[in-house]
Amino acid sequence: MGEINYTWLEQYGRITTGTIDEPVFAMPLTALRHPEKAKLMLEVYNEHLRADSLRSAAVYFMHSVRGLMMGVHYMTALCDTYLDLSLENIHMKLMVKDGRPAIGFQLNDATEHSHPIGVNGPDTLSSSWRNEVLTSYYSEQLRPMIEGVAVAGGANPGQMWAQLASMLRWFKTTALQMDITETEREAVIQGYEHVIAMPPEILGLKKNLLTFKPVEIDNPHQPGETMLMKPVCCLHHQVYGGQNYCYSCPKLTKAERQERYDAIMAAKSG
């Protein structure tokens, strides 16, 4: 395990210990547990997102929440220390870049905390501690925030949770490709397998939607290779005034996906 890579946290999680300047909207992240306050955020967010409804904006908000999810997995598996990512320690800042909204998470207290040391040293950090941290974070931090935003937007919490599934798997795949030790590799896998096997009640659901059956499709960006189909639609087609479905969207038929594949390949050949 090593030091926290703050550049990685900011790039992939939009988590910063610095100051996010000139936001168009800001509020303590704890406020999102309350639907009436979460609705204020969604209304400002959607002014720039231009989704077809607050429901779609609430689901699309999960594109930002995934940063917090990756942050807690990253620091419990690959770092010697961790930052407090509780809702109480984060101020949400909504920025607009190139006409599009981006949500950042500014930490109020950036103190690094040491992990418990295993009986045989840092590398033997017990999986039970990691499991406890992850279970607690999903149930006590992510869940109330997601449920508050879901009520505010009239969205289905299950559809919102499902947005995290592919990104959680992406984090596992990406982390395993890093220059890490076998112990760290096992920690990444163990953390992933723990959360996809958690009882659904922890997420407030009837089924744990963080797990899904991978479906491979041809990758037009890397011909000859495959990529994963998204487990659920991300509503990309319902934002910014209406766009095409993603190539990897499960809503596309086989014929529609082939048509998109051919169009992407034609554009690449120029």
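Residues numbered from 1 in each chain as written. Predicted model: local features only at pLDDT ≥ 70, side-chain atom pairs only at ≥ 80, totals over all residues. Heavy atoms only, no water.

What to know about the sheet that holds strand 4 (residues 90-97)
- Strand order in the open sheet formed by four strands is 1-5-4-2, and the pairing between neighbours is mixed. A single partner strand is all that each edge strand has here, and the edge strands are strand 1 (15-16) and strand 2 (25-28).
- Strand direction decides the pairing type here: strand 2 and strand 4, joined by four bridges, are antiparallel. What sits directly across from A26, in strand 4, is K93.
- Along the sheet face, helix 4 (residues 62-78) touches strand 1, strand 4 and strand 5 (100-107) and points at about 35 degrees away from the line of strand 5. (Pairing = 2+ DSSP bridges. Helix = DSSP H or I, 4+ residues; strand = E, 2+ residues; numbered from the N terminus. Contact = heavy atoms within 4.5 Å. Axes fitted to C-alpha atoms, helices over the stretch in contact; angles between N-to-C directions.)

A look at helix 5 (residues 127-153)
- For helix 5, built from 27 residues, the straight-helix expectation of 39 Å at 1.5 Å per residue is met to within 8% by its first-to-last C-alpha distance of 37 Å.
- Maximal helix bending in helix 5 amounts to about 40 degrees, located at L142; proline P144 follows within four positions.
- Directly after helix 5, the chain includes G154, whose backbone phi takes a positive value near 65 degrees. (Expected span 1.5 Å × (residues − 1). Bend = angle between axes of the 7 residues up to and from the residue.)

Structural notes on the layout of surface pockets
- A volume near 1000 Å³ is recorded for the largest pocket.
- Along the walls of the largest pocket sit 37 residues, with R66, S166, M167, W170 and K230 positioned nearest its centre.
- With 10 residues, the top contributor of residues to the lining of the largest pocket is helix 6 (residues 157-176).
- When grouped by side-chain class, the residues that make up the lining of the largest pocket number 20 nonpolar, 11 polar and six charged.
- In this model, the second largest pocket occupies a volume close to 230 Å³.
- Along its surface, the second largest pocket is lined by 14 residues, and V72, Y82, L85, V133 and Y137 are the ones closest to its centre.
- Where the lining of the second largest pocket is concerned, the elements lending two or more residues are helix 4 and helix 5.
- Of all the elements, helix 5 adds the most residues to the lining of the second largest pocket, at five residues.
- Taken together, the residues that form the lining of the second largest pocket break down as eight nonpolar, five polar and one charged. (1 Å grid on protein atoms, 1.4 Å probe; cavity = no way out; pocket = protein on both sides within 12 Å on 5 of 7 lines; lining within 4 Å. Points joined across faces, edges and corners; volume = space filled by probe spheres on them. Nonpolar A, V, L, I, M, F, W, Y, C, P; charged D, E, K, R; others polar.)

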